[in-house]
Amino acid sequence: MNDFPSIKRLALAAACLALAAGAHAAEPTAPLSAAASDPAALKWMVGAPPPADKIIRFDDGSYFTFPQLRWSVSHFRQLMPTVDVSRGLGAPVPLKRALRKDIDGLRFTPLGSKDSMTWEQSLGANYTDGIVVLHRGRIVYERYLGVLKDSGQHGAMSVTKSVMGTIGAALVAEGKLDPGKKVADYVPELAASAFGDATVRQVLDMTTGLKFSEDYADPKAEVWQHAAAGNPLPKPKDYTGPRSYFEYLQTVRHEGRHGEAFGYRTVNADVLGWLIARVTGQNVNDYLSEHIWQKLGAEQDAYMSVDSTGTPFAGGGLSAGLRDLARFGEMLRNDGRYNGQQILPKAAVDDIRRGGDKQLFAKGGYDLLKGWSYRDMWWVTHNDHGAYMARGVYGQRIYVDPKAEMVIVRFASTPTAANAANDPTTTPAFEALGKLLLAKPK
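Being a predicted model, the structure only gives us computed values, none of them experimental. Throughout, residues of each chain are indexed from 1 in the direction in which the sequence is written. It should be noted that, the model being predicted, local features are given only for residues of pLDDT at least 70 and side-chain atom pairs only at 80 or more, the latter also being counted only at that level, while totals for whole chains, interfaces and linings use all residues. Only heavy atoms go into the side-chain values, all of them from the structure, while hydrogens and water stay out.

Visitor: Explanation requested: the pairing of strand β15 (residues 406–412) in the structure shown.
Guide: The side chains of a regular strand alternate between the sheet's two faces. Accessibility here uses a 1.4 Å probe with only protein chains present; expressed as a share of the type maximum, an area under 20% marks a residue as buried, one over 50% as exposed, and anything in between as partly exposed. Helical segments are the DSSP runs of H or I of at least four residues, strand segments are the runs of E of at least two, and each set is numbered from the N terminus. For β15, the buried fraction is high: 7 of the 7 residues fall into the buried class. In β15, alternate side chains face the same way, and those of M406, I408, R410 and A412 on one face and V407, V409 and F411 on the other are all buried. In this analysis, strands are considered paired if DSSP registers two or more bridges between them. Linking strand β14 (residues 396–401) back to β15 in an antiparallel pair, the connection comprises 4 residues, with E405 at a positive phi of about 55 degrees.

Dropping the structure here:
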């Protein structure tokens, strides 16, 4: 190793990108509370220039260190290269408001607990940066905390996968992607990789058999190599590995057989991004802009982080405004229709709602998600409201409850990456609110 500082920077930043993709890291003990870690109160990056102890950087990995993370998730564009998801030049479509006063006091019991808590208490428990609730298309609840403003964007993390999965489902419904075809039929460059003989459906539902570990605690896990390849920083002189997401995907090897079990692996979303680009002739950010974002009447441009070749990170690179993701969720709740037009084929939304194979999902070992499934990169609850969810590390969520006619979008910056850490105070809270809105609509 003849360039240790560069290698160290690459490894640190790669580690952070791995976390954004959904990998799990060793977590801090006794983390600061939401109030004590409030990035506005801690004054990160305030000043011209900020004091040395308040500066957050990408290249040394500090941007994904808690509590600095709580500032970074609302400022990714300030720290790394990105590309636009343009909202276009039309006027935004306003969301009507009918704010309710009975939501903060709503009580629910967290999973595994005997003691109830209120909705308002759950905001702090989940280090919420922003949350909005739509009921029948109207905003009934909206809060911004920390440094996130209503005019700002926040990292969606692996919620990005569900956005990509929605596009994939739409392309299948439109006949542009054949779910039964092999990936290599569309992307011959992947023929020699583990993806070559996987079907499009197996990629969409993450039932591929891959030698790919997302165990961040293991320094030899493939997730490190994936993140290093996608890292936009200059590579050390002696670096000989892949230099982009697409280059890395060609190196992934088989482990097990396709179609036998659900296995959550970010590289599936990157392959889907390549499939989308190949069959549409557009990078995913441009396709998302033209075919969804502009048609939604979004308030803001979204953006996506990119690798050194400008390829958007389909596995976790989206940042967006809170209300714009709510519009996205409302479009799904309304069978793909929004802003007076059919944006997605209804068949695509129906396919997401139906969910995937519960038995294959059970093999993934998600103890808090028993009875759930995974379809088109969405997590399907199969509860009595027919709810389905997009999930991202550090607490990001889109929750669509068709029966309650409700959409919830939450941005957060928890000290623990894994969703299992906040599921106990998230899922029952969302379910309780759906029951409240169903029982007492206004």
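Visitor: Help me understand the environment of V85 in this model?
Guide: Secondary-structure assignment places V85 in strand β1 (residues 82–85). Between the C-alpha atom of V85 and that of L318, which follows or precedes it by 233 residues, the distance is 8.9 Å. By definition, residues are in contact when any of their heavy atoms lie within 4.5 Å. Discounting chain neighbours no more than four positions away, the residues touching V85 are N285, L288, S289, W293, D301, A302, Y303, M304 and L318.

Visitor: How should the sheet that holds strand β4 (residues 128–135) be read in this particular structure?
Guide: Pairing is antiparallel in the open sheet, where 7 strands are placed in the order β5-β4-β15-β14-β13-β12-β11. With one partner strand each, in any of the chains shown, β5 (138–144) and β11 (373–375) form the two edges of the open sheet. Across the sheet, the mean angle from the axis of one strand to that of its neighbour is 15 degrees, orientation sign disregarded. Where β4 lies against β15, 7 bridges are found, and the strand directions are antiparallel. Each bridged residue has a counterpart across the sheet, and for G130 the counterpart in β15 is F411. This element, helix α6 (residues 159–173), spans β12 (378–380), β13 (388–392) and β14 of the sheet and lies at about 130 degrees to β13. Sitting on the sheet, helix α13 (residues 322–333) touches β4, β5, β12, β13, β14 and β15, and the angle it makes with β15 is about 150 degrees. Under this scheme, a helix contributes an axis fitted over its contacting stretch, all axes are lines through C-alpha atoms, and angles between N-to-C directions fall in the 0 to 180 degree range.

Visitor: Sorry, what's going on with the pattern of salt bridges here?
Guide: Pairing between side chains of opposite charge can happen when their charged atoms approach one another. Put simply, a salt bridge is a Lys or Arg side-chain nitrogen that is within 4 Å of an Asp or Glu carboxyl oxygen. Counted under the stated rule, the structure contains 27 salt bridges. Here E174 makes a salt bridge to K176, at a shortest N to O gap of 3.5 Å. According to the relative accessible area criterion, E174 is partly exposed, its value standing at 37%. Across the salt bridge formed by D351 and R375, the nearest N and O atoms sit 3.0 Å from each other. Residue D351 is located in helix α14 (residues 346–354), and its partner R375 is located in strand β11; the two are separated by 24 residues in the primary sequence. One salt-bridge network, held together by shared partners, links R97, E142, D150, E299, R323, D324 and R327.

Visitor: Help me understand helix α16 (residues 423–439) in this model?
Guide: At 3.6 residues per turn, the α-helix brings residues three or four places apart onto the same side. The terminal C-alpha atoms of α16 lie 24 Å apart, and with 17 residues this matches the ideal 24 Å at 1.5 Å per residue to within 8%. Within α16, 13 of the 17 residues are buried, leaving the element largely enclosed by the surrounding structure. A helix is expected to reach a length of 1.5 Å times the quantity of its residues less one.

Visitor: What should I look at first to understand the packing of helix α12 (residues 284–296) against α13 in this one?
Guide: Each pair of packed helices can be described by the angle between their axes along with the distance between the axes. Where α12 contacts α13, the two axes come as close as 9 Å, and the packing angle between them is 105 degrees. Relative to α13, α12 is oriented roughly perpendicular. Note on element contacts: α13 touches α12 through D324, L325, R327, F328 and M331, opposite I292, W293 and L296. Grouping the constituent residues of the contact of α12 with α13 by class yields 6 nonpolar, no polar and 2 charged. Geometric relationships in this document are graded by angle, where less than 35 degrees denotes roughly parallel, more than 145 denotes roughly antiparallel, 65 to 115 denotes roughly perpendicular, and other angles denote oblique. Each residue receives one of three labels: charged for Asp, Glu, Lys and Arg, nonpolar for Ala, Val, Leu, Ile, Met, Phe, Trp, Tyr, Cys and Pro, and polar for the others, Gly being one of them.

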